[in-house]
Amino acid sequence: MQVKQQVQLQHLNTLNLDVVASHYVQLNQSSEIVDALAFAKQENLNVLILSGGSNLLLPQHIHALVIHLNIQGINVLSEDDQTIAVKVGAGQVWHDFVLYCTKQNWFGLQNLALIPGLVGASPVQNIGAYGVEVGEFIESVQVYDRQLKQFDTIAARDCHFSYRHSIFKDHPQRYIIVSVTFRLLKHENLKLSYGDLKQAVADDLTAENLQNQVIQIRQSKLPDPKEYPNVGSFFKNPILTEIEFDKITQQFPNIPHYPQGNGSVKVAAGWLIDQAGWKGKQLGPVGMFHKQALVLVNYSNATLVDVQRTYKAVQHDVKLKFGIQLEPEPVLYSDQGLIQSH
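Residues numbered from 1 in each chain as written. Predicted model: local features only at pLDDT ≥ 70, side-chain atom pairs only at ≥ 80, totals over all residues. Heavy atoms only, no water.

S.K.: Summarise the nonpolar core; cite the residues concerned and give the values.
M.R.: One recurring pattern in soluble globular proteins: nonpolar side chains tend to sit buried together. Counting residues in hydrophobic clusters, the biggest one holds 50 residues, and the most contacted among them are Leu9, Phe235, Leu272, Ile273 and Val307. Ranked by residue count, the leading element in this core is helix 9 (residues 304-322), at 6 residues. When residues are assigned to domains, this core turns out to be shared by domain 1 (2-67) and domain 3 (222-330), each giving three or more. Setting aside anything within four residues of it in sequence, one finds Val307 in contact with Leu15, Leu17, Leu57, Phe234, Val286 and Leu296. With 38 residues, the next largest nonpolar core counts Ile84, Val141, Ile177 and Val214 among its residues. (Core = buried A, V, L, I, M, F, W, Y, C linked by side-chain atoms within 4.5 Å. Buried < 20%, exposed > 50% of the residue type's maximum accessible area, 1.4 Å probe, protein only. Helix = DSSP H or I, 4+ residues; strand = E, 2+ residues; numbered from the N terminus. Domains from an automatic or database assignment. Contact = heavy atoms within 4.5 Å.)

S.K.: Explain the UniProt feature "active site" (unreviewed entry) in the chain to me, using residue names and the numbers behind them.
M.R.: In the numbering used here, UniProt assigns the feature "active site" (unreviewed entry) to Arg164, Ser233 and Glu329. Sequence-wise these annotated residues cover 166 residues; spatially they are packed, their C-alpha atoms never more than 11.5 Å apart. Ignoring any residue separated from it by four or fewer positions in sequence, one finds Arg164 in contact with Gln125, Asn126, Ile127, Gly128, Glu133, Lys169, Lys236 and Glu329. A polar contact of 3.1 Å, which involves the side chain of Arg164, links it to the backbone oxygen of Gly128. Turning to its location among the elements, Ser233 is positioned in strand 13 (residues 230-233). (UniProt positions renumbered as here; feature names shortened; annotations may be inferred. Polar contact = N/O pair within 3.5 Å; in protein donor to acceptor, adjacent residues only side chain to side chain.)

S.K.: A description of unusual backbone geometry should follow, citing residues and the corresponding values.
M.R.: Phi at His160 is positive, roughly 55°, even though this residue is not glycine. If you trace the backbone, His160 turns up in the loop between strand 11 (150-155) and helix 4 (167-170). Given a relative accessible area of 48%, His160 falls into the partly exposed group. Even without a glycine there, the phi angle at Arg164 is positive, about 55°. Tracing the backbone shows Arg164 in the loop between strand 11 and helix 4. We classify Arg164 as buried; its relative accessible area is 11%.

S.K.: Pulling in residues and values, what's your account of the pattern of salt bridges?
M.R.: For the coordinates displayed, the defined rule picks out 8 salt bridges. Between Glu327 and Lys236 there is a salt bridge, with the nearest N and O atoms lying 3.1 Å from each other. You can see Glu327 sitting in the loop between helix 9 and strand 20 (331-333) and its partner Lys236 sitting in the loop between strand 13 and strand 14 (239-240), a full 91 residues away along the chain. With a relative accessible area of 44%, Glu327 lands in the partly exposed category. With a shortest N-O distance of 3.1 Å, Arg309 and Asp306 are connected by a salt bridge. In this pair, Arg309 and Asp306 both sit in helix 9, 3 residues apart, roughly one turn of the helix. (Salt bridge = Lys/Arg side-chain N within 4 Å of Asp/Glu carboxyl O.)

S.K.: Help me get a handle on the domain arrangement of the chain, residues and values and all.
M.R.: The domain architecture assigned to the chain consists of domain 1 (2-67), domain 2 (72-218) and domain 3 (222-330). When each unit is reduced to the centre of its C-alpha atoms, the spacing between domain 1 and domain 2 is 25 Å. The interface of domain 1 with domain 2 comprises 10 residues on the first partner and 11 residues on the second. For the pair domain 1 and domain 2, the two sides together bury roughly 930 Å², of which 69% comes from carbon and sulfur. The largest per-residue losses of area from domain 1 upon contact with domain 2 belong to Ile33, Leu37 and Ser51, which jointly make up 39% of the total buried on that side. Across the contact surface, domain 1 and domain 2 share 0 salt bridges. Our count for the contact surface shared by domain 1 and domain 2 stands at 2 residue pairs in polar contact (both at pLDDT 80 or more). The set of elements that each furnish at least two residues to the side of domain 1 that touches domain 2 consists of helix 1 (32-42) and strand 3 (47-50). Of the residues assigned to the side of domain 1 that touches domain 2, the class counts are 5 nonpolar, 5 polar and no charged. (Buried area = accessible area lost by both parts, 1.4 Å probe. Nonpolar A, V, L, I, M, F, W, Y, C, P; charged D, E, K, R; others polar.)

S.K.: Pulling in residues and values, what's your account of the UniProt feature "domain: FAD-binding PCMH-type" (unreviewed entry) in the chain?
M.R.: Here, the residues flagged by UniProt with the feature "domain: FAD-binding PCMH-type" (unreviewed entry) are residues 17-187. Span residues 17-187 is 17% helix and 38% strand, its end C-alpha atoms 42 Å apart.

S.K.: Can you lay out the sheet that holds strand 3 for me, pointing to particular residues and giving the numbers?
M.R.: Taken in spatial order, the 4 strands make up an open sheet running 1-2-5-3, and their pairing is mixed. Whereas interior strands pair on both sides, the edge strands pair on one side only; in this sheet they are strand 1 (4-8) and strand 3. With strand direction ignored, the average angle separating the axes of adjacent strands in the sheet is 45°. Bridge count for strand 3 against strand 5 (residues 61-69) is 4 bridges, and the pairing is parallel. Its bridge partner lying in strand 5, Ile49 is registered against Ile67. Running over the sheet, helix 1 touches strand 2 (20-27), strand 3 and strand 5 and is turned about 170° from strand 5. (Pairing = 2+ DSSP bridges. Axes fitted to C-alpha atoms, helices over the stretch in contact; angles between N-to-C directions.)

Structure below.
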């Protein structure tokens, strides 16, 4: 384990913000976590766990120990006629893992292709796309519990998965995810609840085609972070009560929406932002992408201050027009490496 000082993290966050960490270490195996935490305690440093850097907002200077998890490995644990259990290291690239699953004829995750980030971050946000959430296919999550000072396994039922949420968001300083065990299907069961995806897949009802269509749709709407630095969807899709939804449709009957089954209705944040005039609009070096209003882009050497100025302006205009408060998806960190509210 080699702790480095004054390390530039610009290439390690997909928004490409200019960030310098006072202390940084890359860990390639779970056994190194204990030593890294001991170092942080000795130096009186907070700990910031850095995964793929695709869902966080960082200040220019972080006085903390940034731990970059690079734990690899894809291992089959068990299987039966219907399913297969696969344990995956937290440092595996998510999209590469999805592609690997399709090649192995393991099904369920194809709707989640091309989502940026690493496997270890997928349970935290309960990543989802096109009618599928990763929590549906997680059997358990292997963690280091900083409170109990031991490695542990948390069953999916105890992860409290919900829309863009999990126990790991409730207790961000407690758990360090080292691997995730997925229970995948051995027979194709395509999820085509989204109209544009169903239309794209057409009559070629195979998991490989589904995956390819998801990739093509995402590429047509979402910018490549290497070309246009971004964190993917910047805001969560608001979930309204039936009463709230009925009220808003009286004025905006064409609002895209998705019933949630419990009486609530999810509405499209991208549409709200577009209608508020922010699609393709820029405020200094930061703006909302011209092809997809839900994506905030760093066009030119933006700082966290620039990003905050822009997304708060978007929130203001959407609230003014629709009475809906948009909630950012990425996690915001302080200069001491602690999560803070937006």
